[in-house]
Amino acid sequence: MFDDYVEHASAPVPDSTRGRGSLPAVQYEGFEPSPYDRDDNRADVFQDNAEVAPPTAPIFQLGEVQCPLSAPLVSLVVSSDSLYMGLANNLIIEIELSRADQFIRIQIPRKPTEFGIYKLFLDPSGRHLLVTSLQGENWYFYRGWKKPKQLKGFKMVIESVAWNKAALLSSSHSTSTREFLVGGRNGTIYEAVLDAEEDFFKSQERYLQPVFTLPERHPVTGLKFDMFPPLDPKHALVLVTTPTRIYQFLGTPDRRSDEGGRVFSTLFAGYRDTAPKIVELPGNVDYSELHVYSPNADQAYSLPRVVAWMNAAGIYHGSLDFDSKADDLIDGAGLLPYPVIASPSLSPTMRNTIPSNVPISMALTEFHVLLLYRDRILGISNLNEQLAYEEMLPLKPNEQVRGLTSDPVRRTYWVYTDQAIWEVSVSNEHRDIWKIYLEKGRYDAALQYANSASQRDQIMSAQAKAFFDEGRYFQAAQCYAQCSVPFEEVTLKFLDASERDALRSYLISRLERTRKTDLSQRMMLATWLVEFYLSKCNELDDLVASESVSQDVDNLLAERAILEDDLRHFFETYKANLDPRTVYELIQGHGRTDMYLHYATVIGDYERVVEHWVMEEEWTKAIDIINRQSNLELYYRFAPALMRQAPKETVDSWLRQRALDPLRLVPALLRMQHAPRDPLSPNHAVRYLNHVIFEQGNTSPTIHNLMITFYASTPLTASTSSNHPEDDGPLLRFLSTAPSDPLTGKPYYDLDYALRLCKQGGRTQPCVHIYSKMGLWENSVDLALEKGDLELAKINADMPEDDDQLRKKLWLKIAKYVVQDKQDIKMAMRFLENTELLKIEDILPFFPDFVVIDDFKDEICTALEGYSAHIDALKAEMDEATRNAEAIKQDIAALQKRFIAVDAQERCSSCALPLMTRQFYVFPCHHTFHADCLIGLTKEFLPAHALRRILTLQTELMKSTHTTGIDRATIANPSLLPANAAHHQGRHPTAQRTLLSANFGVQGGSGTGARGGANAFGRSMLSAGDRLRDLIVPDALASLVTAPAGWIPGIGLGGAKRDAGEKDAERAERVRRELEEVLAANCPMCESVVAALDKPFVQQGEVDASWDL
């Protein structure tokens, strides 16, 4: 506050004429030695706190405010950081402490000879200011106004004002003061309301009304009021002081409105006939002051806690108890006498007129009373009435002290004279409060104000000693556990006093406060406490046994139950600090089985608990303990015993624990195989195996085989199983519903093992089912027939659905059994109705040689009729096939007569040469090709087998030709060939195209040579399969395909070879047609579009730059 204008008393003073008193010695804390022993764990904490604690500053410090004054200062008030000063020249200076460099000057338009400022009164919000004078003229100023306004109705000398703090602080925008009380010099109390709102028809004085007049008519030097409860005011307390008296007026206010109204009339009217609560302290001074202190003064609805009245006799102070039902709300009132001081600065005449020990003014802090004298300021503790602060005022010659004022909202304190202003800063006021409370024995209050571990330790040590001296051992134990008194000293004190229960409480508290890293200390304390608990339990047991007929047994039983609960809770809390072996020995030594089991359960030693209950044959309790833990080994270890004694509960426990390995439970399950069992009760081993197999999906062959073992080993009834097949029902249901391996389709159990067990047990139906599972259908049917179970045999005969021959064979076995063994012809006839595989003729061989046909005459007739109908159906199908063949032949003949008109200028679709120049082909798609062009195109997309066929046909054609080549001109003009045959034979052969295959037959001039060439060609074709297309020469092959059969050389010659030539011509024509069908089956241009879909546009090795960018 006023950082730029405050000059602290500790700083050097430039002006040597303003002497200052010496400051008292300051007791610095924080570096005192540790109160704990060197080995105590808390010594480190204390040392850490001591090292970081800073030196403490003085509680009160006086600092001068640099503020130039144009005239002597008469009065000063501060509230909510707003400071107003009244000067002797009727000038008022307003300073907002948040902006201390800005001064606002308000001049009262009166001459000093006509008007002089007496006192200033400022409301808690700092907005409303009353300026009073001894002439009875009063002025009103509202913050923000340019000039004050005179209160013409206020014609009195105002000594005190009680503002409505709750209304003013709760409404920051209101211009009204709301109802407030004014105390006059004439002893009258007025109720008034002011409103700063500008209203042409209303003045600022809303009303002014006297409500009470003191009987002695002394000046009202102090005035305060509070309404309570704060949020719903139903009562009001008014404190009034005169120089010698303090009054308490308590009553109900009239009403409370937002606009303000007469509130206190009824309250004071109640005291016209009765006297209020009065305390009188006579004196020879004509002034006094009334102050209150509120812990939360900045809150609108806070109530004051402390009241102090400065008078001639001393400081009358006490606490305000607003919950009291009495008329006197000042609780614990006392008189604080003034300290006796000398005033050397006063003249002898002044010493005689003014008592030196009566202060000029006072202020109230939380724990101190500030007293202002003519030359100094004192601070007295209101707790122990000791002087805590004294400082001389640095006064100039002829400088007169005016007063001490405080900001009730911000808790700042100000001393002012007629020439200067000082601020009394308060810091760390509660620093030594703990010592005062400690001296008074108020330990709880002292702990609230202790700031260090050392202070708390001193307080707890003193409190522990006081409790122990008073015989309050449990409270002493709690305090001793929190202080630095040595452990041995405390334990010996409690043992000497035979207070083992209090010692137990002390040990528990010390254990709670011992660091978790001190494992040894914690283990020793915890073990000792277990011994205390057990000894106390045994002691209570003895008392209960000895006083079984007295009235105290119920109390002892209740105490024992509480103690046992405490011990159980202790085990749960400090199980990590106990050694199990030691604790087990302690508990067994005291014979506390219940605690033995509880401790084992707490530390998770369930094995020990289960062993105990098994030895006690408490099977259900043992199973319950196993269920409450997660160690699977306990399930496996105790499974045989529990399964033998309590199978249902054991299996229920297993079913709840899905993590169990069923294979490890097999020994326990096998115990149930031959154990005596009630026939009406279910087999719990089977129940568990069913759950494992069908619910958990276990695929272990051992588990499945064990299931079959239980079912197959179940003893049958007295009758045979064939007469009572229901005994095989569970086994058959399992065999039929057991899951199978999805990869192999076989069940997980061993079929051979299951078959062997069923045979040993004489279980026919299961054996038949297993045979069918193994695929041995004949064995299953034979076994069923052997046992005479015809229905079972029928069922198994239909199982091989994919093999009709096997099914028929199985049904024949059954039919033979029915006919030969049963010798029931009618049953055999009915038997035929159950299957479609057998007919009457299939079973006739099984009938005896001499049998009357009447029994199955109808069936034979029915069979013959069926055969006749079947023959008719086959005949109809044959006729239909014949008609279809004739229609196809007609369609083929019609196709041969198709024709297409070709233009004379038509060109080949491949080479673009005129089409009519040589032999050509025309396709339905209107594509036209020369014969050689067609062959060249066709061979590119024909598959390999078609190419090989072409080469084969080409070779056969070459076998019928001579060694000479074929003249295309002769083929083109066949009429020339017979006449010029000799000519061509005698001439030297001309150059012509020949088939590539002809080259293989040139070496030999006879037919043998031609066959040898053909064979060589065949071997070459097999060894060079990748060159099939190269072996086909389109021009030569075209000559062979298109040449008429009669004009091929070697065909059609006269003489003795004519018959052989005709046969060769027929064979060549057939080969030529087949070649033509292969080559001209499809249009090569249309077919190539489909065949080349998977080929790239640019073939490998080709260069195409059209795609380059």
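On a predicted model such as this, the values are computed, not experimentally measured, just so you know. (Residues numbered from 1 in each chain as written. Predicted model: local features only at pLDDT ≥ 70, side-chain atom pairs only at ≥ 80, totals over all residues. Heavy atoms only, no water.)

Engineer: Give me the lowdown on the packing of helix α11 (residues 519–546) against helix α12 (residues 553–573), citing residues and values where you can.
Structural biologist: Between α11 and α12, whose axes approach to 10 Å, the crossing angle comes to 160 degrees. Compared by their axis directions, α11 and α12 come out roughly antiparallel. Crossing geometry of α11 relative to α12 is assigned as left-handed. Residues Ala526, Leu529, Val530, Tyr533, Leu534, Lys536, Cys537, Leu540, Asp541, Leu543 and Val544 of α11 form the contact with α12, whose participating residues are Val553, Leu556, Leu557, Glu559, Arg560, Leu563, Glu564, Asp566, Leu567, Phe570 and Phe571. For the contact of α11 with α12, the residue count by class is 16 nonpolar, no polar and six charged. (Axes fitted to C-alpha atoms, helices over the stretch in contact; angles between N-to-C directions. Helix = DSSP H or I, 4+ residues; strand = E, 2+ residues; numbered from the N terminus. Parallel < 35°, antiparallel > 145°, perpendicular 65-115°, else oblique. Left-handed = near helix turned anticlockwise from the far one by under 90°. Contact = heavy atoms within 4.5 Å. Nonpolar A, V, L, I, M, F, W, Y, C, P; charged D, E, K, R; others polar.)

Engineer: With reference to specific residues and values, describe the sheet that holds strand β6 (residues 99–107).
Structural biologist: In space, the four strands of this open sheet follow the order β3-β4-β5-β6, with antiparallel pairing throughout. The open sheet terminates on both sides in strands that have one partner only, identified here as β3 (73–79) and β6. Neighbour to neighbour, the strand axes of the sheet diverge by 20 degrees on average, direction disregarded. Examined bridge by bridge, β3 and strand β4 (residues 82–87) share six bridges and lie antiparallel to one another. Bridge pairing in β4 places Val78 opposite Leu83. (Pairing = 2+ DSSP bridges.)

Engineer: Give me the lowdown on the pattern of salt bridges, citing residues and values where you can.
Structural biologist: Within this structure, the stated rule accounts for 36 salt bridges. A salt bridge links Glu159 to Arg185; the nearest nitrogen and oxygen atoms lie 2.7 Å apart. Highlighted residues: Glu159 in strand β11 (residues 158–162) and Arg185 in the loop between β12 (180–184) and β13 (188–194), separated in sequence by 26 residues. Since its relative accessible area comes to 37%, Arg185 is described here as partly exposed. Ionic pairing is found between Asp432 and Arg431, a salt bridge with its closest N-O pair at 3.6 Å. (Salt bridge = Lys/Arg side-chain N within 4 Å of Asp/Glu carboxyl O. Buried < 20%, exposed > 50% of the residue type's maximum accessible area, 1.4 Å probe, protein only.)

Engineer: I'd like to hear about the sheet that holds strand β26 (residues 387–392), residue by residue, with values.
Structural biologist: Pairing within the open sheet is antiparallel, and its four strands lie in the order β23-β24-β25-β26. Every interior strand has two partners, whereas the edge strands, β23 (361–364) and β26, have only one. Averaged over neighbouring strand pairs, the angle between their axes works out to 15 degrees when direction is ignored. Note that β23 and strand β24 (residues 368–372) share four bridges and pair antiparallel. The residue bridging Ser361 from the neighbouring strand is Leu372, located in β24.

Engineer: Run through the environment of Ser535, naming residues and quoting values.
Structural biologist: Looking at where Ser535 falls in the secondary structure, it is placed in helix α11. Look at Ser535 and you get partly exposed, because its relative accessible area is 22%. Only 2.9 Å separates the side chain of Ser535 from the backbone oxygen of Glu531, close enough to count as a polar contact. (Polar contact = N/O pair within 3.5 Å; in protein donor to acceptor, adjacent residues only side chain to side chain.)

Engineer: Requested: an account of the packing of aromatic side chains, with residues and values cited.
Structural biologist: Tallied over the entire structure, the rule returns 33 aromatic pairs. On the numbers, 5.2 Å between centres and 90 degrees between planes, the contact of Phe367 with Tyr449 is edge-to-face. Remark: Tyr449 occurs in the loop between α6 (443–448) and α7 (453–469) and Phe367 occurs in the loop between β23 and β24; sequence separation between them is 82 residues. The pair formed by Phe367 and Tyr449 is uniform in burial state, with each residue classed as buried. Through successive ring pairs, a cluster of aromatic residues spans Phe212, Phe225, Tyr247, Phe249, Phe264, Phe268 and Tyr271. A cation over an aromatic ring shows up here: Lys493 above the ring of Phe468, its NZ or CZ 4.4 Å from the ring centre. Its end group placed over the ring of Tyr584, Arg608 keeps NZ or CZ at 3.9 Å from the ring centre. (Phe/Tyr/Trp six-rings, centres within 6.5 Å; stacked < 30°, edge-to-face > 60°. Lys NZ or Arg CZ within 6 Å of the ring centre and 35° of its normal.)

Engineer: Please give an account of unusual backbone geometry that cites residues and values.
Structural biologist: In this chain, Phe228 is followed by Pro229 through a cis amide linkage whose omega measures -5 degrees. For Pro229, the location among the structural elements is in the loop between β15 (222–228) and β16 (235–241). The residue Ser80 is not glycine, and still its phi comes out positive at about 50 degrees. Examined against the element boundaries, Ser80 turns out to sit in the loop between β3 and β4.

Engineer: Explain the nonpolar core to me, using residue names and the numbers behind them.
Structural biologist: Formed by 109 residues in total, the largest nonpolar core has its most connected members in Tyr480, Phe494, Tyr506, Phe570, Phe571, Trp654 and Leu669. Counting residues per element, this core draws most heavily on α11, which supplies ten residues. In this structure, Val77, Leu122, Leu130 and Tyr140 belong to the second largest nonpolar core, which totals 31 residues. (Core = buried A, V, L, I, M, F, W, Y, C linked by side-chain atoms within 4.5 Å.)

Engineer: Describe the state of the cysteines, with residues and values.
Structural biologist: Under the definition given, this model contains zero disulfides. Counting only cysteine sulfurs, Cys1083 is the nearest neighbor of Cys925, a cysteine outside any disulfide, at a range of 3.4 Å. Unpaired in terms of disulfides, Cys933 finds its nearest cysteine sulfur in Cys911, a separation of 3.7 Å. (Disulfide = S-S within 2.5 Å.)

Engineer: Tell me about a nonpolar patch on the surface, and name the residues and values.
Structural biologist: On the surface, a nonpolar cluster with roughly 330 Å² of combined accessible area is contributed by Val1089, Val1090 and Leu1093. Structurally, the position occupied by Val1089 is in helix α38 (residues 1084–1091). Note on Val1089: relative accessible area 54%, which makes it exposed. (Patch = residues over 30% accessible without salt bridge, like charges linked within 9 Å, V, L, I, M, F, W, Y side chains within 5 Å. Areas by Shrake-Rupley, 256 points an atom, 1.4 Å probe, with all protein chains shown as cover.)

Engineer: Can you explain the packing of α11 against helix α13 (residues 580–590)? Please cite residues and give values.
Structural biologist: Contact pair α11 / α13: the axes reach a minimum separation of 10 Å and the direction vectors enclose 15 degrees. The pairing of α11 with α13 is recorded here as roughly parallel in orientation. The chirality of how α11 crosses α13 is right-handed. Taking contact as the criterion, the partners of Thr527, Val530, Glu531, Leu534, Ser535 and Asn538 in α11 are, on α13, Thr582, Leu586, Ile587 and His590.

Engineer: An account of helix α16 (residues 619–627) is needed here, citing residue identities and associated values.
Structural biologist: Along α16, the positions that sit buried rather than exposed are Trp619, Ala622, Ile623, Ile625 and Ile626. Seen along its axis, α16 keeps its buried residues to an arc of 160 degrees; they face one direction. Looking at the buried residues of α16, the elements they touch are α15 (606–615), α17 (632–645) and α18 (647–656). (Arc of directions from axis to C-beta.)

Engineer: Report on helix α20 (residues 684–695), specifying residues and quantitative values.
Structural biologist: For α20, with twelve residues, the first-to-last C-alpha span of 15 Å sits near the 16 Å given by 1.5 Å per residue. Where α20 is concerned, the buried positions are His684, Ala685, Val686, Tyr688, Leu689, His691, Val692 and Ile693. Where the residues of α20 are buried, they touch α17, α18, α19 (666–670), α21 (701–712) and α22 (729–737). Residue Asn683 occupies the N-cap position of α20, its side-chain oxygen lying 3.1 Å from the main-chain nitrogen of Ala685. Two residues or fewer past α20, Gly697 is found with a positive phi of approximately 70 degrees. (Expected span 1.5 Å × (residues − 1).)

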